[in-house]
Amino acid sequence: MSSQTGGEGRAIKSFWIEISFALFLAALGGVAIIDSLRLGAGWAADGPKAGFFPFWIGLCLSAAALTVLVQTLVKRSDAVFAQTHELKLVGAIALPTALFVAVIPFVGIYGAGALMIAGFLRKLGRYSWLFSAGAAVVLMAGFFIVFEFWFLVPMPKGPLETALGF
């Protein structure tokens, strides 16, 4: 799946990314088609059944994915998708973001946001823990005021907000 390139370290070729993503999208389209057939993908006396539009969307998605798959197999490009060090940079953002989303149900969006901001400031910005924590709390308190009081948009709350009566 990866290859050695001159002096830049290991790289992942675009070929493998395109194949993987095409197969993923074809499978996703297949799931939509199968579930649409379960719901009824035809036309009833009063109009389309519940699965009519999802069926066609799944069919189009699968067709497009299979087209990409065939084109990728035919052209067989040696283009590089990304070097290992580039993927590490993406991971430095993507993994904490996934963790942020995962902890929202447990600590609320403001708590998760404060943890993420403090973590980024500490790890990527190399700020002290005191500065990172303080900046995160101030910023999330500002977001809390803006969303909860000014825009009147309730966001997912955690135990801290519940303890404070929000």
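Here the structure is shown first, and the text comes after it.
So, a few notes on the structure that sits alongside this text. Please read these numbers as outputs of a predicted model, since none were measured by experiment.

Further remarks concern helix α1 (residues 14-39). With 26 residues, α1 should reach 38 Å at 1.5 Å per residue; the first-to-last C-alpha distance of 37 Å fits that figure. All of the buried residues in α1 are Ser14, Phe15, Ile19, Ala22, Ala26, Gly29, Ile33 and Ser36. Buried residues along α1 sit in contact with β2 (9-13), α2 (52-75) and β5 (80-83). Count one or two residues on from α1 and you reach Gly40, which has phi positive near 105°.

So, about the packing of aromatic side chains. The way to describe two aromatic rings as a pair is by their centre distance and the angle between their planes. Scanning the entire structure with this criterion turns up 12 aromatic pairs. Their ring planes at 35° and their centres at 4.8 Å tell us that Tyr127 and Phe131 sit as a pair that is tilted. On the basis of relative accessibility, which here comes to 43%, the residue Phe131 falls in the partly exposed class. Centre to centre, the rings of Phe144 and Phe149 are 5.8 Å apart; their planes meet at 80°, and the pair counts as edge-to-face. Residue Phe149 is classed as partly exposed on the basis of its relative accessible area, which comes to 46%. Within the aromatic cluster, the residues linked to one another by ring pairs are Tyr110, Phe144, Phe149 and Phe166. Sitting above the plane of the Phe15 ring, Arg76 keeps its charged end 4.0 Å from the centroid.

Parameters and conventions
- Residues numbered from 1 in each chain as written.
- Predicted model: local features only at pLDDT ≥ 70, side-chain atom pairs only at ≥ 80, totals over all residues.
- Heavy atoms only, no water.
- Helix = DSSP H or I, 4+ residues; strand = E, 2+ residues; numbered from the N terminus.
- Expected span 1.5 Å × (residues − 1).
- Buried < 20%, exposed > 50% of the residue type's maximum accessible area, 1.4 Å probe, protein only.
- Contact = heavy atoms within 4.5 Å.
- Phe/Tyr/Trp six-rings, centres within 6.5 Å; stacked < 30°, edge-to-face > 60°.
- Lys NZ or Arg CZ within 6 Å of the ring centre and 35° of its normal.

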